[in-house]
Amino acid sequence: MAAAPPGGQEKVIAAAQHIVKSLANSKNAADDMIRILSGFDDRLSLMSDLFPPPPTAAAAVGGCVRESSVVEEDADLEEEPGSDDARDEERDAEVEEAARVVERWDSPAAGDRLVFDSAEDAGEYLNAAACLVGAPGARAEAALQAAMARLEDEFRHLLIRGMSPLAGEDLHASLLRRLSLTVPSFASSASDLDCPSFASHAGEGDESGGTGGRTSVSDEEISPYLISPDTVGALKDIADVMLRAGYAPELCQVYGEVRRDTLMECLAVLGVDKMSLEEVQRVEWGVLDGKMKKWIQALKVVVRGLLAEERRICSQIFAAGAEAEEDCFTEAAKGCVLQLLNFGDAIAIGKRSSEKLFRILGMYEALDEVLPELEGFFSGEARDFIKEEAQGILVRLGDAVRGTVVEFANAIQGETSRRPLPGGEIHPLTRYVMNYVRLLADYSRSLNQLLEDWDTELENGGDNVNMTPLGHCVLILITHLQAKIEEKSKLYEDEALQNIFLMNNLLYIVQKVKDSELKTLLGDNWIRQRRGQIRRYSTGYLRSSWTRVLACLRDDGLPQTMGSSSALKAALKERFKNFNLAFEELYKTQTTWRVVDPQLREELKISISEKVLPAYRSFVGRFRGQLEGGRSSTRYIKYNPDDLENQVSDFFEGRRQNA
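Quick caveat, the model's predicted, so the values are computed rather than measured.

Participant: Could you clarify how one ought to interpret the overall build of the protein chain in this entry?
Facilitator: Within the protein chain one finds 25 helices and two strands. For the protein chain, buried positions account for 48% of its 659 residues. The long-range fraction of contacts in the protein chain, counting pairs at least 24 apart against all pairs at least 6 apart in sequence, stands at 80%. If you sum the accessible surface of the protein chain, you get close to 32,000 Å²; carbon and sulfur atoms cover 49% of it.

This is the structure:
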């Protein structure tokens, strides 16, 4: 038979395709027709677009796949009578074929194979499932149910298989370091915050290298993958079909179960364990402190990392159903959110103690910071519930902060240690309180809000109405400390040592204020007043220590006879003897005392030298002749002025005498 003219090629192909579709839908029938038509016109054997390629997953979503390369029949080719019947038959054939595909995978012959192990199988199965949606007949309905059950299982399997690793290093590498986190670090050093008689604080090393404050990590934009992108595409294809079939509840149940467990595992990796109020109360402080620190970090990682990514995943997978997206995200996320909030609540309503304050402040600031973002992830009743819970916990954390500050103030006033420190050194209470108070300045924004009603909770400790609430709070705490230090100075019997102790401690307080944000809170006038008080302590020390020594070097009381009378010599011997004994006693005692600040130590030595050395030099110059030439004159004039100056340089060094 002669070949058809080239101009009629398109009509031949269109006619052949129409015949194929009309005759049968099975693969065998199609193969037979190819052979017949090829014999009719050998050009048809070369036409690769006569039959469509296998359906893809994306093409399956809209229902049964239609051949994309079918050319519409020419207008000259009139529609045959009964074309509606032909289309119905075609549709029935497609449904029958779809049912056979589903049944084949539901048969024992399929074994444990998964449809989505093969892209070709996945496309065919999704196309079949889409064809069955809304199809009448018992067989179609049964096949649709079987298809939905398998797709549900495949969806679950893909969720689990596509999950990114949950190792702690992976989470922190992909989340924590990609967040702009500000994590409070607690304490300047273990020794500075160690006051056994005052608090049982365990003190941790400062992560920022010895200064209070916060440590920051990088400010990169977060983009972690909780599910691999390829898997997200397959999950979306399944979700599209199941949502179209009305299986949203089943889909959301699977998604919620798997993702909820995954996010809870993430919490465990981040160090946030599920704990009851009773368990939180029983944990020793060292362990609880670590858990609170991890909670602060985890809250920001969860909100800005995990939940943000979970929301993005949900919006992609459930693009075909906004309501399903909301339900699935809520089911997945609420578990880890509530676990975080429950721990925060347990801390907020737990027993208050001074060492918890900065961790509680860190928790308060972290929750306050992320709360708007956290609320924004949810909608409807879920949003209202999360917002109410979080805001309630925020209020209770604020109450805990205020109560803990009051507790701290009471603890200062109630400190009862009775053992004086050797050498009049800085008391551990002073170190603890000042390092504690200095750290309060790092939280000035929050504390100025939380301490607005400070006067109603604690007795008024200052009259400066221009101070911020935190400044007023700090003033009260330092005033309590000063009163306690004055009280403890009375534990020393030696008045001079009382003054050394007061100088050491007050100067430490002033330096901590001057070298920190506390200076801004208290002002320069407060510092000037305390420096004046230190000078008064210095004057008190000189008076109580050296008055008796200097009295030996005065002319008052010496016989008024001229020449080398025996009475004058005897009086001079007594004066030099008393001077030597008094000075040696001071040397023996005060070289064991310690003035901690080097500058203050040198200033005190200079003050002693300026008072004692000129008086001694003058006294010796005037009366040396009365004793020289006699026996044992060196017994009385034991020191020259240079010897005394050298010995004064040994004072306040904290030396320990040999046994």
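Participant: Looking at this structure, how should I read the packing of aromatic side chains?
Facilitator: Aromatic ring pairs: the centre-centre distance and the angle between the two ring planes describe each pair. Per the counting criterion, the structure on display carries 21 aromatic pairs. Relative to phenylalanine 318, the ring of phenylalanine 155 lies with its centre 6.4 Å away and its plane at 50 degrees, an arrangement referred to as tilted. With a gap of 163 residues between them, phenylalanine 155 in helix 6 (residues 138-161) and phenylalanine 318 in the loop between helix 11 (285-317) and helix 12 (322-348) connect regions that are remote in the sequence. Assessed through its relative accessible area of 0%, phenylalanine 155 is described here as buried. Three or more aromatic residues joined by ring pairs make a cluster, and in this case those are Tyr541, Trp546, Phe579, Phe583, Tyr587, Tyr616, Tyr639, Phe651 and Phe652. Arginine 311 extends its terminal NZ or CZ atom over the ring of phenylalanine 329, reaching a point 4.7 Å from the ring centre.

Participant: Sorry if this is basic, but what is going on with helix 4 (residues 83-105) here?
Facilitator: For the α-helix, the turn length of 3.6 residues means that residues three or four positions removed from each other point alike. Its 23 residues give helix 4 an end-to-end C-alpha distance of 33 Å, which sits within 8% of 33 Å, the value for a rise of 1.5 Å per residue. Residues Ser83, Glu94, Val95, Ala98, Ala99, Val101, Val102 and Trp105 constitute the buried set of helix 4. Packing partners of the buried residues in helix 4 comprise helix 5 (119-132) and helix 6.

Participant: I would appreciate a short explanation of a negative patch on the surface in the present structure.
Facilitator: On the surface, Asp85, Asp88, Glu89 and Asp92 cluster together to form a negatively charged patch. On the secondary structure map, aspartate 88 appears in helix 4. With a relative accessible area of 47%, aspartate 88 lands in the partly exposed category.

Participant: Sorry, what's going on with the confidence of the model for the protein chain here?
Facilitator: Reading predicted coordinates in detail is not appropriate for stretches of low pLDDT. Looking at the protein chain, the pLDDT average stands at 81 and 75% of residues meet or exceed 70. Contacts of residues 18-63 to residues separated by more than four positions or lying in other chains number 65 contacts, the stretch itself having pLDDT below 50. Note that residues 178-192 has pLDDT below 50 and, in this model, 65 contacts with residues that lie over four places away or in other chains.

How each quantity is defined
- Residues numbered from 1 in each chain as written.
- Predicted model: local features only at pLDDT ≥ 70, side-chain atom pairs only at ≥ 80, totals over all residues.
- Heavy atoms only, no water.
- Helix = DSSP H or I, 4+ residues; strand = E, 2+ residues; numbered from the N terminus.
- Buried < 20%, exposed > 50% of the residue type's maximum accessible area, 1.4 Å probe, protein only.
- Contact = heavy atoms within 4.5 Å.
- Areas by Shrake-Rupley, 256 points an atom, 1.4 Å probe, with all protein chains shown as cover.
- Phe/Tyr/Trp six-rings, centres within 6.5 Å; stacked < 30°, edge-to-face > 60°.
- Lys NZ or Arg CZ within 6 Å of the ring centre and 35° of its normal.
- Expected span 1.5 Å × (residues − 1).
- Patch = residues over 30% accessible without salt bridge, like charges linked within 9 Å, V, L, I, M, F, W, Y side chains within 5 Å.
- Salt bridge = Lys/Arg side-chain N within 4 Å of Asp/Glu carboxyl O.
- Lys, Arg positive; Asp, Glu negative; His and termini not counted.
- Charge placed at Lys NZ, Arg CZ, Asp CG, Glu CD.
- pLDDT = per-residue confidence, 0-100.

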